[in-house]
Amino acid sequence: LHLEAAGGGLTCDLAAREAAASLVAGRDWAGLRGHPCVPADTLLQLEAGVEDPADAVEYLGERVVADVGPGPGAAAGLSFLSVGSQHASCVKGLLPKVMYIGVGHSGSTTLADAMNQHPDLTYGQTKEHNCIWNYNGDNKAGFIERYTAQFQVKCSKKIAFDSSPRTMFLGDPADEQTITYPIAKKFGLGVGAVAALKDVLGADAKFITMFRDPVPWAMSNGVQDVLDAHDLTDIQINRSNLGFGKGFLKGQTLTHGFFAKRACYANGLEAWLKVFPRENFLFLTSEDFFADPQAAYDQVTDFLGVSRAKYPEELSNGGSGRRRNNRKHHDGIHEQYHALPWVKGCRERLEKLTGLKFKWDDHAESTSA
Ligand SMILES: Nc1ncnc2c1ncn2[C@@H]1O[C@H](COP(=O)(O)OS(=O)(=O)O)[C@@H](OP(=O)(O)O)[C@H]1O
């Protein structure tokens, strides 16, 4: 069951996820530093108060987080077998053939939860397995076996999917986070890493992407401006200033740093289309998904070749996309960002790659207040 984590010798197995869940529940950020189940950027956001600890279900698994709940020893006695026995009678391991590769903060949790409710689809124990990039080229069969073991699913399920929204950035040769992952160390980022994934998943793997206007995407990621260094502890987010001002959150604004580069989504996607044919991809936009989730859900089920289903009622008003960032950007900032020549270039490249037309000139998610 052990999948090697990026860096160090630690593994993000079930026991490690339980331990991480306790630390998150206890707001023990120091104890989480370097933890194999909690990505460094997520920890940064937890510490800064812009990531909700309740969202840990996405990377630690709903059951693990729920079991940590109140009361000592609540998580004791859990084993992978006991997780399996939660399912009615028949359980099997199912290698995911479908990946939601990105981006995060786009509605991916809501979409994954809707898909997970489909009778034929499942994400296994957790939405984000965050481990495919630990493949380092050694013992492919063993890796596939361990990865498949993460998807102990009801026998009635036909397709397993992994919704780890950082996966797309393995395609960007300059990504600052995924460059540290074992797959990148062995095969190089970009075409090298994506080709290695093709080797693991098979040439018939299918990929779903969803892109959101980079400005609300950045606001959702907590990539806002802060006025002063001391605001990093007592964080006061300037609600309108996305890097056009003087300060920044640990070097991260929409015009500077790691997130600014990721906002140019085409950089991440390009290599994927060099390795896999266009028909293996479904490209969605968050704007369309938010406006008409049933239509997007139909696109997903059609793409996967399973029957159409009613989009779950309880997810209709944003559902498990739960966060609802109330720090909205201003129209002016939105216009300023989208007028930047390099931003226009990125959008054009993405439109060419995907065949989508982005409605990012609308001020759908901004405020003029
Ligand atoms: N239906 C609908 N309508 C409008 N907005 C929606 C909807 N579903 C999800 N959301 C918003 O999507 C953001 C969460 O995205 P993700 O689930 O991909 O985030 S994460 O990567 O799992 O952390 C999060 O955005 P912010 O509120 O801006 O943070 C959610 O509010």
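Since the model is a prediction, treat every value here as computed from it, not as a measurement.

### Examining the overall build of the chain
Right, on to step 1. The helix and strand tally for the chain stands at 17 helices and nine strands.
Right, on to step 2. Restricting to contacts in the chain with at least 6 residues of sequence separation, those with at least 24 account for 72%.
Right, on to step 3. A total of about 15,400 Å² of accessible surface is found on the chain, and carbon and sulfur atoms cover 54% of it.

### Description of helix 16 (residues 331–339)
Right, on to step 1. Looking at helix 16, one finds that the buried residues are Ile 333, His 334, Tyr 337 and His 338. All buried residues of helix 16 project into a common sector of 125 degrees when viewed along the axis, lining one side.
Right, on to step 2. Where helix 16 is buried, its residues meet helix 11 (214–221) and helix 17 (341–354).

### Structural notes on the pattern of salt bridges
Right, on to step 1. A full pass over the atoms with the stated rule returns 13 salt bridges.
Right, on to step 2. Across the salt bridge formed by Lys 359 and Asp 288, the nearest N and O atoms sit 2.8 Å from each other. One end of the pair, Lys 359, is in the segment after helix 17; the other, Asp 288, is in helix 14 (residues 286–291), and 71 residues separate them in sequence.
Right, on to step 3. The closest approach of N and O atoms between Arg 308 and Asp 298, which form a salt bridge, is 3.7 Å. With Arg 308 in the loop between helix 15 (293–304) and helix 16 and Asp 298 in helix 15, this residue pair connects regions lying 10 residues apart in the sequence.
Right, on to step 4. A single network of salt bridges, built from pairs that share partners, joins Asp 298, Asp 302 and Arg 308.

### Topic: the pairing of strand 2 (residues 98–102)
Right, on to step 1. Burial of strand 2 is extensive: five of the five residues sit out of reach of the surface.
Right, on to step 2. Bridge count for strand 2 against strand 5 (residues 159–162) is two bridges, and the pairing is parallel. Across the sheet, Val 98 pairs through a bridge with Phe 161, a residue of strand 5.
Right, on to step 3. Where strand 2 and strand 6 (residues 206–211) come together, four bridges link them in parallel fashion. Bridge pairing in strand 6 places Tyr 100 opposite Ile 208.

### Some details on the sheet that holds strand 3 (residues 121–122)
Right, on to step 1. Ordered in space as 3-5-2-6-9, the five strands form an open sheet in which the pairing is parallel. At either end of the open sheet lies a strand with only one pairing partner, and these are strand 3 and strand 9 (281–285).
Right, on to step 2. As judged from the five bridges shared by strand 6 and strand 9, these two strands associate in the parallel manner. Bridging across to strand 9, Ile 208 finds its partner in Leu 282.

### A short note on the state of the cysteines
Right, on to step 1. Per the counting criterion, the structure on display carries two disulfides.
Right, on to step 2. Shown here is the disulfide that connects Cys 90 with Cys 155, its sulfur atoms set 1.8 Å apart. Where Cys 90 bonds to Cys 155 through sulfur, the torsion about that S-S bond is close to -70 degrees, and the disulfide is left-handed. Here Cys 90 is found in the loop between helix 6 (80–84) and strand 1 (91–93), whereas its partner Cys 155 is found in the loop between strand 4 (152–154) and strand 5, with 65 residues between them in sequence.
Right, on to step 3. For Cys 90, a relative accessible area of 39% translates into the label partly exposed.
Right, on to step 4. Between the sulfur atoms of Cys 264 and its disulfide mate Cys 346 the distance is 2.1 Å. The S-S bond linking Cys 264 to Cys 346 shows a torsion near -100 degrees; that makes this disulfide left-handed. One end of the pair, Cys 264, is in the loop between helix 12 (258–262) and helix 13 (265–275); the other, Cys 346, is in helix 17, with 82 residues separating them in the sequence. For the residue pair Cys 264 and Cys 346, the accessibility class agrees, reading buried in each case.

### Here's the deal with the confidence of the model for the chain
Right, on to step 1. Of the residues in the chain, 79% reach a pLDDT of 70 or more, and the chain-wide mean stands at 82.
Right, on to step 2. Note on residues 1–9: pLDDT under 50 across the span, and 28 contacts to partners over four residues away in sequence or across chains.
Right, on to step 3. Taken together, the stretch residues 225–241 has pLDDT below 50 and engages in 38 contacts with residues farther than four places along the chain or on a different chain.
Right, on to step 4. Reported confidence for the predicted complex is 0.97 by ipTM and 0.79 by pTM.

Rules behind the numbers
Residues numbered from 1 in each chain as written. Predicted model: local features only at pLDDT ≥ 70, side-chain atom pairs only at ≥ 80, totals over all residues. Heavy atoms only, no water. Helix = DSSP H or I, 4+ residues; strand = E, 2+ residues; numbered from the N terminus. Contact = heavy atoms within 4.5 Å. Areas by Shrake-Rupley, 256 points an atom, 1.4 Å probe, with all protein chains shown as cover. Buried < 20%, exposed > 50% of the residue type's maximum accessible area, 1.4 Å probe, protein only. Arc of directions from axis to C-beta. Salt bridge = Lys/Arg side-chain N within 4 Å of Asp/Glu carboxyl O. Pairing = 2+ DSSP bridges. Disulfide = S-S within 2.5 Å. pLDDT = per-residue confidence, 0-100.

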